[in-house]
Every structure is written in C-alpha cells, then in structure tokens.
Amino acid sequence: MIRKTLGLSAALLIVSCSDALAPVDRAVFRETGSSANAPVTTIVQSAEAPALATYHTSFIAIQGMATRFEIRYLNGDKFIELRIPEDAQFLEADGSPVVPGETVEVTVDVDSSFFLVRFGLQGLRFDGEHPGTLTFFCDHSQDCRGERLSIWNQARSGDSWNPQTNVNLPGHELVATVNNFSNYAVAW
C-alpha cells in the first residue's frame, strides 16, 4: 500500500489501464464459494468477447476527492466502473479514518474468464454513509439472466460470498453500493 499526503484540488481522478494480457481458459460456470445455503455461480465472458485492456492494474484514490476507475474491453466497451464520491471516508481495518489528502493505491486483478474482480487493499472500507458504487457491464457475458443476477462480495479470499443490494439497469448493467475493497463477482 502506498500512502502520501497530497494537496490536490482536482475533483475527479480518472485512471487508464495498461498491461494488456490475453484471456485464458473459458469454461461455462464455476463455483466460487457459498453464502448462507446457496452456492455462488459466477457468469463467464462470452467466447466471442474481446480481450480486456488489462487484467492486472492499480489506481490511486485520494481521501476527500472523487475517483472514477474503469476497465474496458479492447473494443472500447466497458467491463467495470468503480466510483468513489468526494465525501466518502476511507476507514482502516481498525476503524481509524484516513487523513484528507492521503492516497491509497488499490490493485485490481480480473479473472480472465469470469466476471470476477479482486480489489487489493482488503480491509480498507468506506464509512456507511458514503459508499462507492461498482458497475459491471455484462454485455459480453455468456449467460446474462437479468433479474437472477446480482453482484456478490467476498470480504476476504476464503470467506463466504454475500449478495450486495444492487440495481439491474437496462443494457445488462448491474450496479451495487460497495463498502469495502475486496472480491466482487456477477453471479446467481
């Protein structure tokens, strides 16, 4: 984790991605864990989907500044977008607030076949009043079943998966409020 105090006044940090990697092994479904009594079945990228611009990258979020991070397919279509509002308060794992102007580097790893994303810095979270929003764009999924889909969260690798309160939007978009940096998947 990188932390620095910056005196920036920009309202929005938009990060571009690099490090393009070719996707590998496209299976139909995969069990990724369980929540309560139900298994989580993660949807997969369509075999015809273009590659993502990156499968591993990072971005800098600054306490007190709005941040927008996205990953796109090589054809320009969106895969994910994370928005952090200006008034979001980052909290350390112990609950202590991050100081205004301090930066955090968040790593992002994307599964090459599934709608599954890991945001590094697990343990860092938002206060309950000003969460971030995460949007998955499922246009290039192999099996997008509308109302059955949800964004699921796994606080730490190995923990159970839990559905997030989300909204299914037209065009196969799923939006959920997120309260932490951890693992997220589109599943049913």
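Residues numbered from 1 in each chain as written. Predicted model: local features only at pLDDT ≥ 70, side-chain atom pairs only at ≥ 80, totals over all residues. Heavy atoms only, no water.

### Concerning the overall build of the protein chain
Thinking step 1. A count of helices and strands for the protein chain gives zero helices and 16 strands.
Thinking step 2. Here the protein chain, with 188 residues, has 47% of them falling under the buried criterion.
Thinking step 3. Considering only contacts in the protein chain between residues 6 or more positions apart, those separated by 24 or more positions represent 71%.
Thinking step 4. Here the protein chain displays about 8700 Å² of accessible surface, and carbon together with sulfur accounts for 52% of that area. (Helix = DSSP H or I, 4+ residues; strand = E, 2+ residues; numbered from the N terminus. Buried < 20%, exposed > 50% of the residue type's maximum accessible area, 1.4 Å probe, protein only. Contact = heavy atoms within 4.5 Å. Areas by Shrake-Rupley, 256 points an atom, 1.4 Å probe, with all protein chains shown as cover.)

### A short note on the packing of aromatic side chains
Thinking step 1. Counted according to the given criterion, the structure contains ten aromatic pairs.
Thinking step 2. With 5.4 Å between their ring centres and 50 degrees between their planes, F126 and F181 make a pair best called tilted. Taken as a pair, F126 in strand 10 (residues 125–126) and F181 in the loop between strand 15 (173–178) and strand 16 (183–187) lie far apart in primary sequence, 55 residues in all. For the pair shown, F126 and F181 are each scored as buried.
Thinking step 3. A connected cluster of aromatic rings, assembled from ring pairs, spans F90, F119, F126, F181 and Y184. (Phe/Tyr/Trp six-rings, centres within 6.5 Å; stacked < 30°, edge-to-face > 60°.)

### Points about the pattern of salt bridges
Thinking step 1. Considering all chains together, one arrives at six salt bridges under this definition.
Thinking step 2. When the shortest N-O distance is used, the salt bridge between E70 and K78 registers 3.8 Å.
Thinking step 3. Of the residues examined, K78 reaches a relative accessible area of 22% and is grouped as partly exposed.
Thinking step 4. Within this structure, R68, E70, R72, K78, E81 and R83 form a network of salt bridges that share partners. (Salt bridge = Lys/Arg side-chain N within 4 Å of Asp/Glu carboxyl O.)

### What about the confidence of the model for the protein chain?
Thinking step 1. For the protein chain, per-residue confidence averages 76 on the pLDDT scale, and residues scoring 70 or more make up 73% of the total.
Thinking step 2. Contacts from residues 1–39, a stretch scored under 50 in pLDDT, to residues over four places away or in other chains number 105 contacts. (pLDDT = per-residue confidence, 0-100.)

### Thoughts on the pairing of strand 12 (residues 150–154)
Thinking step 1. For strand 12, the tally of buried residues reaches five of five residues, placing the bulk of the element in the interior.
Thinking step 2. Side chains of strand 12 alternate between two faces, with S150, W152 and Q154 and I151 and N153 buried alike.
Thinking step 3. As paired strands, strand 12 and strand 16 are joined by five bridges and run antiparallel to one another. Across the sheet, residue I151 finds its bridge partner in strand 16, namely V186.
Thinking step 4. Pairing of strand 12 with strand 13 (residues 162–163) involves two bridges; the strand directions are antiparallel. The residue of strand 13 that forms the bridge with N153 is N162. (Pairing = 2+ DSSP bridges.)

### Thoughts on the nonpolar core
Thinking step 1. Within the largest apolar cluster, 39 residues are counted, with the highest numbers of intra-cluster contacts made by F59, F79, F119, F136 and F181.
Thinking step 2. What F119 contacts, discounting residues up to four positions off in sequence, is F59, F69, I80, L82, V106, T107, V108, L134, F181, S182 and Y184.
Thinking step 3. The next biggest cluster of nonpolar side chains, apart from the first, holds seven residues, and it includes F114, L116, W152 and W161. (Core = buried A, V, L, I, M, F, W, Y, C linked by side-chain atoms within 4.5 Å.)

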